[in-house]
Structures are given as C-alpha cells and as structure tokens.
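Coordinate inspection notes
Now for the letters of each chain:
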Amino acid sequence: MKRWFLNIAAALLALLFVFPLVWMLLVSLKPDGTTVYSLSDWVDWSGLNADNYAKVIRDSQILRWTWNSVVIGFLTTIIAVLFSSLAAFSFSKLPFKTRGIFFVLIASGLLIPTEAILIPLYETALHLKLIDNIWAIILPGLTNPIGILLLKQFMDGVPRDYLEAAQIDGSRSFGLWWRVCLPLTRSAMISVGIFYFILSWNNFLWPYLSITSAENMILSAGLPTFLSNNTMSLNLIMAASAIAAIPTILVFVLLQRHIVQGVSMSGVKG
Amino acid sequence: METQITGRKASVALRRREPLRLRTELKAVLYLIPFLIPFAVFYLWPVCRGIWMSLHVWGIRGMEKYVGIANYDKIFNNPDFYVYLWHSFYFVLLCTPTVIALGLVLALLINERIWFRTAIRSAFFLPYVLSVSVISFIWLHLFDAKNGPVNALLGLLGAGELNWLTDRGLVWWAITIVTDWWTVGFVMVLFLAGLQEIPPDHYEAAKIDGAGAWQRFRHITMPGLSSVMKIQIFYQVIASLKLFGQVQIMTGGGPGDSTNTMIRYIYVTGFKKDMFGLASAQSIVFCVIMLMIAAIQFKLTDRKDG
C-alpha cells in the first residue's frame, strides 16, 4: 500500500518536472502559429515537423552561437582543469612555506561572486581590448577556485609510495604530476570538467554584457535577443530554446553518473 | 633513544637542504602560476579596482573626477536602494526554504526503493543543466495568462485566470516556482549524497526499538543530514541573493519595479545609466552585505557544532 503510494507520487512528480520540457519540444514541432494549450492540442500530433528549426537556423545565427558555446565550453574546461590540477598538485604534494598564504588567497575567490565585480571586470576587459572577444568569456572562467579545492582532496589520496617509486625511477616533479597524479585523479577530473562545462555553457550575465556583436554571441546570452524581436512566433522561440537545451540534455543523459558525482562532490566534500 | 637518533638524522638532512629551500619554494609556486595569472587579472585586480572606482564619478569613457565617499552617500540616501535590497531578501525568504524542503522530499523519495529510480532522479535533476535563458523562455510562456498551460492546468482544477507575471502578489511566486524547478535537482543530489552517509544499521536498530517512521526521520535522518543542510542553506541564500537572469528575461524587473533585485539595480545603474562609479559602490555595499550574511551563518552553524 505504502509502496504503491510512493511509486505513484514519484512518477507524478517526475511527469510534472519534465512537463515544461515536453511542452517546449511539442510547441517547437507544431506548425508555426499553433500552440499547445488544451488537452486536445497535447494529443494532436498530426502536423508535427521540423520546419521551425529550419527557419530559426536560416534566419538567425543560432548555429554560430552554438558553435561559440561549444568552443568556449571546451577551452574553458580543458584549461581550467589542467591549471587547477597543477595548482592542486603543488598544494598537495610539494611542501613549501608560503603554501598557506597562497591557499587562502586562492580560496578567497569563493567569497566574491562575479556578479559583485561586474563593473570593474568590464572595465578591465575594456582596457585589455577583450570586449566582444570570446577570450573575454574564457579568461574570467578560469578564476574559479573550486576545481583546485576538489582536485586537491583527490590528490591527497594518492599514496606517497607511488610518488617515491616514481622518484626512484627518475621522475622529477613535473613527471610526478603528469605520470602519477594526473592518471590517478582522472575520474575526479572528468567530474570537475563536466561541472565547469555546464557552468560555462549556462553562463549568462557576463557574456550578456561582454559580447556585443551577433556573431560572437553564445547561446545563453543570444537567446534573449529573440524576445525583443517581435516577428518571432512562440513556435520559433521554442525551437530556438530546444536547440540550446538539447546539447546539455544529451551530455547529461550520457554522462549522468559523472555529473551527479561531480555535484555531490562539490557540496559534501568541498 | 632510537627515535632521538632518527630525529637528529632527519634534522641534519633538513639542514643540508636549507640552501635549496628557495628553489623548492619557487618550484612549488611555479605550478600555481598558470592559475594565478588569470586569477590576478580577472579577480583580484577587479576587486581592488572596484574599490577605487567607487570613489569616483566614472563613465564608460573612463574616470571623470574623484568624489570621495559621495557615491556611498548617494546610495544610502536613495530609497530605491532599500526597496531593491528588500526584494533580494524577500526572494531569499521565499526561495531558500521552499527549494530546500522540496529537495529534501525528493531526495527521501529517491532514496526509497521506487520503480525507475534512476530515470526519476534524472527527471528531477534535468532542469538544472539548462541555461537560465532557456528556462526563463519556457516559463515566460507557460505562465502566459491567456494561452499558458499553467493556467490551463489550474483551470481544470477550477481556478480562474491568474496573471502570474503582471500581478504584484503573484509574480514573486512565479519566479520562485521557476527557480525551485530549475535548481531543486542540485539540492536533491546533495541530500542524496548525505543520506548515503547515514549507516543503515542505525535505522535497523531504531526499528527494533519500535521507532516509527517519523521518529526515525527526526532522530536519525535529520541529525545525519545536519552538515549537508548547513552547506545547502549557505549556498541557497547566496544563490538567491544573486537573482538576476530570471527577472531580467521574464519580467524585466516589473510589473513596475516590483521584481527589481540588487544585481539588476547594479546592472541598470552601470550599463543602462552609464554610472560605473556609483554602480561599483553599489556592488561593494552589496558584497559586504553578502559577506556579512555568510559570516553570520558561519558563526551560527559553527556554534551548534560545539
């Protein structure tokens, strides 16, 4: 009895959660000008087609934005994970005297969110002539210290013996990082990397400010320009949203285990 | 005796390495440099620069003149500041408790042996991976008063037409619903990780002692989740204070000014009114408030531990 109740409650809640996304997909596939409102609209699948997608792709630069989001996401993720891993290695395996000072300095990056330094950040980007350049999005994306804190915990778990054995085999410190620590923390790096990728893909406020031309826009910041464009129908807007949503949904479905692990790592251990 | 000898040996070895210390020091710092360069340019420098800018009249073309603390004077004498600050806090009061309660319920549900557990967990987490513009677009239309499915669904239950996004009383609830839906998966996953740390034999023992479901929840689950709970509240308060995307896209701060938040206030002052100096000062005031809240939370939760 109780089991049945729980099962039904869970299934209903899950339906409620995916309802907005199903609605988005359905509207995006309906003929331009029709909506999904009443129950009969929900089950009428007769005219479904991909015309709206074709139209959005033709009339806007959405594919270009998708490409920009992909490039920025990958560059940010790879660079950030490598830099974080190097720093984590230094904190975890190289005993140095000023380590405490540097650690506090870097951890202070968790205190002040980007939202609170928008104005001077914009001014800095302006001076460096980075406004409307994809590096204006990538470089500030590398300042998040969470990767160092997480990876350091995993580096701490790399046994001393391994390092000593590698040292005897003639590895110097860079080799210890590259040949021992990097492979042993691979799964943690993947989780951290996915976390960075999603952060970058969904980053909204800063790209919205720092990118001014249509061709350098990324998806999350480019979408709102559709709202000010009155000629866009609901179906086209939902097709555009779906184009932005589908890649992350796919990444999520494929890499679920890592994502969930990454998120719980950031909260419980971090 | 033996330890003394090895101790002395170790110190001899250390002393011999003494001249090398600077080198080891530099080598360790070398590994930090790749991270530190962007960190210094795009975090540390803007933090310091912001303080400097807040003391000036500053437009998009650059510094105009030094005005001391006049910008701060302006902020505290402007009633708008208090209104928007209150909006940000009001959103914390609405969003933080609801998202945490809902996340806890979902985590407890997933933790039971239900059918399609992984699929259902994915459904709850899925919205979290979408960008704020996508979720705002979807809900902007779901909440449409005339043609929105939310009203259609509520109509089936007998509710009248609700103006979700244009009614001052409802609009905050609309934004809370969107935000809860979007971020609750994150809260749930953290609680799930916390639930898995509670040893199952505690439940077994309580069952044998005849404790009911509610008692087990109160005396085993809740204490077991207390450290995760602290982190969650901490995260969610800060995240709620930073509200921007949802209101920018869904309401534009409206109706009237009723959903304008601190971050949007800073954005409008800086980028729409071209007053960088004043906006920097606003950022600093808001940042100090956030840090104070973080410190208070830290103090409060720390005391409970001891």
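So, here's what we can say about the structure.

About the thresholds
Residues numbered from 1 in each chain as written. Chains lettered and ligands numbered in written order. Predicted model: local features only at pLDDT ≥ 70, side-chain atom pairs only at ≥ 80, totals over all residues. Buried ≥ 20, exposed ≤ 12 C-beta atoms within 10 Å, placed from the backbone. Helix = DSSP H or I, 4+ residues; strand = E, 2+ residues; numbered from the N terminus. Pairing = 2+ DSSP bridges. Expected span 1.5 Å × (residues − 1). Bend = angle between axes of the 7 residues up to and from the residue. Axes fitted to C-alpha atoms, helices over the stretch in contact; angles between N-to-C directions. Parallel < 35°, antiparallel > 145°, perpendicular 65-115°, else oblique. Left-handed = near helix turned anticlockwise from the far one by under 90°. Contact = placed C-beta atoms within 7 Å. Nonpolar A, V, L, I, M, F, W, Y, C, P; charged D, E, K, R; others polar.

Where a strand is regular, its side chains alternate between the two sheet faces. Residues and elements named next belong to chain B. With 0 of 5 residues buried, strand β2 (residues 62–66) is to be regarded as a mostly surface element. In the sheet, strand β1 (residues 56–59) pairs with β2 via 4 bridges, with the strands oriented antiparallel. Paired with histidine 56 across the strands is tyrosine 66, a residue of β2. Counting the residues between successive antiparallel strands, the hairpin from β1 to β2 contains 2 residues.

This paragraph deals with helix α10 (residues 213–241) of chain B. Residue and element names in this part refer to chain B. Along its 29 residues, α10 runs just 36 Å from first to last C-alpha, ending more than 12% under the 42 Å computed at 1.5 Å per residue. The principal kink in α10, of about 55°, is found at serine 226. All of the buried residues along α10 are Thr221, Leu225, Val228, Gln232, Gln236, Ser240 and Leu241.

Here we come to the packing of helix α8 (residues 171–197) of chain B against α10 of chain B. All names here are of chain B. At a closest axis distance of 8 Å, the pairing of α8 and α10 adopts a crossing angle of 155°. One element, α8, and the other, α10, form an angle in the roughly antiparallel class. For α8 against α10, the interelement crossing comes out right-handed. Only Gly224, Leu225, Val228 and Gln232 of α10 make contact with α8, whose side of the interface consists of Val187, Leu190, Phe191, Gly194, Leu195 and Glu197. By residue class, the composition of the contact of α8 with α10 is 6 nonpolar, 3 polar and 1 charged.

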